Amino acid sequence: MDNFGGGMIEVQDLRKSYGKTQAVAGLSFRVEPGEVVGLLGPNGAGKTTTMEILEGLRRPDGGRALVLGRDVSKGLQPVRTRIGIVLQSSALLERATVGELMRLYRLMYPEPQDGTALLQRVGLAEKTDAQVGSLSGGQKQRLAMALAIAGNPDLLFLDEPTANLDPQGRALLWDMVRERVAGTGRAALLTTHSMEEAQALCSRVAIVDHGRLLAVGTPAALVNEHCPGAHVSFETEAQAPVETFAGVEGFQSLEPQPGRSRVHFAAPRLEPLLASLMAAQVAHGFAIENLSVERSTLGDVFLKLTGRELRDA
Ligand SMILES: Nc1ncnc2c1ncn2[C@@H]1O[C@H](COP(=O)(O)OP(=O)(O)OP(=O)(O)O)[C@@H](O)[C@H]1O
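Every chain is numbered on its own, with residues counted from 1 as its sequence reads. Reporting of local features is limited, given that this is a predicted model, to residues whose pLDDT is at least 70; pairs of side-chain atoms are given and counted only at 80 or more, and all residues count toward the totals for whole chains, interfaces and linings.

In the annotation of an unreviewed UniProt entry, the protein is listed under the name ABC transporter ATP-binding protein and assigned to Rhodocista pekingensis. As stated in UniProt under Sequence similarities (unreviewed entry), the record for the protein gives "Belongs to the ABC transporter superfamily." UniProt positions are given in the numbering used here, feature names are shortened, and annotations may be inferred rather than shown by experiment.

Draft legend 1. Highlighting the overall build of the protein. Secondary structure assignment for the protein yields ten helices and 14 strands. On the principal axes, the C-alpha backbone points of the protein span a range of 75 × 45 × 40 Å. In this scheme the burial state of a residue depends on its C-beta neighbours within 10 Å: 20 or more other such atoms mean buried, 12 or fewer mean exposed, and anything in between means partly exposed; the C-beta positions come from the backbone. Considering the protein as a whole, with its 313 residues, one finds that 35% of them fall into the buried category. Long-range pairs, those at least 24 residues apart, make up 70% of the contacts in the protein between residues at least 6 apart in sequence. Counting from the N terminus, the helices are the DSSP runs of H or I reaching at least four residues and the strands are the DSSP runs of E reaching at least two. Placing C-beta atoms from the backbone, we regard two residues as in contact once those atoms come within 7 Å.

Draft legend 2. Layout of the site of the ligand. Taken together, the neighbourhood of the ligand is formed by Tyr18, Thr21, Ala23, Gly41, Asn43, Gly44, Ala45, Gly46, Lys47, Thr48 and Thr49. With three residues, the top contributor of residues to the shell around the ligand is helix α1 (residues 47-54). Of the residues assigned to the shell around the ligand, the class counts are three nonpolar, seven polar and one charged. In this entry, near means the residue's backbone-placed C-beta atom lies within 6 Å of the molecule or strand. Amino acids are sorted into nonpolar (Ala, Val, Leu, Ile, Met, Phe, Trp, Tyr, Cys and Pro), charged (Asp, Glu, Lys and Arg) and polar (every other residue, Gly among them).

Draft legend 3. Representation of the pairing of strand β1 (residues 9-18) in the model. By this definition, two strands are paired if DSSP reports at least two bridges between them. Relative to strand β4 (residues 62-67), β1 runs antiparallel, the two sharing five bridges. Looking across to β4, one finds that valine 11 is bridged to alanine 65. The pairing of β1 with strand β2 (residues 21-31) spans eight bridges and is antiparallel. Of the residues in β2, the one forming a bridge with arginine 15 is alanine 25.

Draft legend 4. Looking closely at the sheet that holds strand β9 (residues 204-209). Taken in spatial order, the six strands line up as β6-β7-β8-β3-β9-β10 in an open sheet, and their pairing is mixed. Looking at strand neighbours, the two that pair on one side only are β6 (83-86) and β10 (212-217), the edges of this open sheet. Going from strand to strand, the sheet's axes swing by 15 degrees on average, the running direction of each strand aside. Packing of α1 onto the sheet brings it into contact with β3 (36-40), β7 (155-159), β8 (187-191) and β9, and relative to β8 it is tilted by some 145 degrees. Angles shown run from 0 to 180 degrees and are taken between the N-to-C directions of axes, each axis being a line fitted to C-alpha atoms and, for helices, limited to the stretch in contact. This element, helix α7 (residues 219-226), spans β9 and β10 of the sheet and lies at about 110 degrees to β10.

Draft legend 5. Broad picture of the sheet that holds β4. On the basis of which strands lie adjacent, the open sheet formed by four strands has the order β2-β1-β4-β5 and antiparallel pairing. A single partner strand is all that each edge strand has here, and the edge strands are β2 and β5 (70-71). In the packing of α1 onto the sheet, contacts are made with β1, β2 and β4, and the angle to β1 comes to roughly 120 degrees.

Draft legend 6. Looking closely at the packing of helix α2 (residues 98-107) against helix α4 (residues 137-150). At their nearest, the axes of α2 and α4 sit 9 Å apart, and the two run at 25 degrees to each other. One element, α2, and the other, α4, form an angle in the roughly parallel class. The two elements α2 and α4 meet at a crossing, and its hand is right-handed. Across from Val98, Leu101, Met102, Tyr105 and Arg106 in α2, the residues of α4 making contact are Leu143, Leu147 and Ala150. Should an angle fall under 35 degrees it is taken as roughly parallel, and over 145 as roughly antiparallel, whereas 65 to 115 is taken as roughly perpendicular and any remaining angle as oblique. Should the near helix be turned anticlockwise from the far one by less than a right angle, the crossing is left-handed, and should it be turned clockwise, the crossing is right-handed.

Draft legend 7. Seen up close, the nonpolar core. Nonpolar core, as used here: buried Ala, Val, Leu, Ile, Met, Phe, Trp, Tyr and Cys residues forming one set through C-beta atoms within 7 Å. Counting residues in each nonpolar core, the largest one holds 65 residues, and the members touching the most others are Leu54, Met145, Ala146, Leu147, Phe157, Ala188 and Leu189. Broken down by element, this core gets its largest block of residues, eight residues, from α4. Formed by eight residues, the second largest nonpolar core is a distinct cluster that contains Val263, Ala267, Leu273 and Leu277.

Draft legend 8. View of the confidence of the model for the protein. When pLDDT is averaged along the protein, the result is 91; 97% of the residues meet or exceed 70. Across the whole predicted complex the pTM is 0.86, and at the interface the ipTM reaches 0.97. pLDDT expresses how confident the predictor is about each individual residue, on a scale running from 0 to 100.

Draft legend 9. Examining the pairing of strand β14 (residues 289-295) more closely. Buried residues are scarce in β14, accounting for zero of its seven residues. The pairing of strand β11 (residues 230-237) with β14 spans five bridges and is classified as antiparallel. Residue pairing for β14: serine 233 is matched across the bridge by serine 292.

Draft legend 10. Summary view of the environment of aspartate 159. With respect to the helices and strands, the residue aspartate 159 is situated in strand β7. A residue is classified by how many C-beta atoms lie within 10 Å of it, and aspartate 159, with 21 of them, is buried. Linking aspartate 159 and threonine 191, residues 32 residues apart in sequence, is a C-alpha distance of 5.0 Å. With residues up to four places along the chain from it excluded, the contact list for aspartate 159 reads Thr48, Met51, Val86, Leu87, Gln88 and Thr191.

Given below as C-alpha cells:
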C-alpha cells in the first residue's frame, strides 16, 4: 500500500474528461486528519466527478489520488469499510424497511455503530418498520446520513448532503459531521452550494471552477485574502458636526436621519478602524448607538473568483 504521510486524501493533478468536456482539469488538494473540507464551485465545476473518483466510482484519466493511503486507480477495496458516503440523491432500496436497511448496512462493516441509537439520533426511530419508499425527501436524506456512518467510518464523503433538509435537519447533520470529525483523526470531504454551510462546517474550503482549483484555505483566510474590508456604521446625535468624524480613519459619510445621523466608515481591516473610532469617541464624546459591523463573506469571495454568469443556462 502507498505510504501517504498521514493524509486522509491526497489529490495531485487529477484529470477526467467526458468526451470533449474536461470535467476535472489538473486538480490538487489534500485533506488531513481532523478536517472537514468543502469543495465549492458553480454548477458543472467538476465537484461531483472529483468526489466520485475519490469514492472509487469513476476512474481518473490522469494524475494521482490517494484515499486513506490507497491509490484509487488500484481500487479502494482494502479501505472500503473505513469510508462512508452520502450521495447527492440517495438511491436507497425503496421496498426495504428503515430497520432492515440499517441491519444490512451494519452487517457490511467490522465495527458498526448501534443502529437503534443512530435511527433515534436522526429522528427515524418511529419509522423503523416503515418502507424507505414512504419516507419524505428529508427523512430519506437523514436515513442516508445514518447509514453512511453506521460502519463507523474514518472518512466521510458528503455530496450536497443538506440540499433536501429543513433547518432542523441541516443543524442535526452539521452536528453529526462535527462530532464525527472534531478532535478525532477522522475527516470529511463535502460539496455544497451553501456558503453558510461551508462557513459553519468546513475547517478549509477549496473553490474550484472548470475543473481547476482557484483558491484553498480557511473561510476566514480566504475572505481576508480576496475580499478584505470591513464596514462600520452607527447612529449619533443629529447635530454632530462632520468635522468630528472627518479625521477618523476610514470615514465615508454622515447620513442625516430623522432626529439623528448615521455615520459610515470602511477600511481594509476592522481592528485599526475600531481602535481609531474609539479614540475619537473618547476625544470628542459623541454618542455611538446601533453600531453595526459587516465583513465580507465567503459568498463574496466565491462570486469574486468564479464570476456572476450562470454556468448551465
Ligand atoms: N456522466 C457524464 N457524462 C458526460 N458528461 C458529464 C457526466 N458527468 C458530468 N459531466 C459533465 O462534466 C462537468 C462536471 O460535472 P460535475 O457533475 O462533476 O460538476 P459539479 O461541480 O458537481 O456540478 P453541480 O454543482 O451542478 O452538481 C459538467 O460539464 C457535466 O456536464
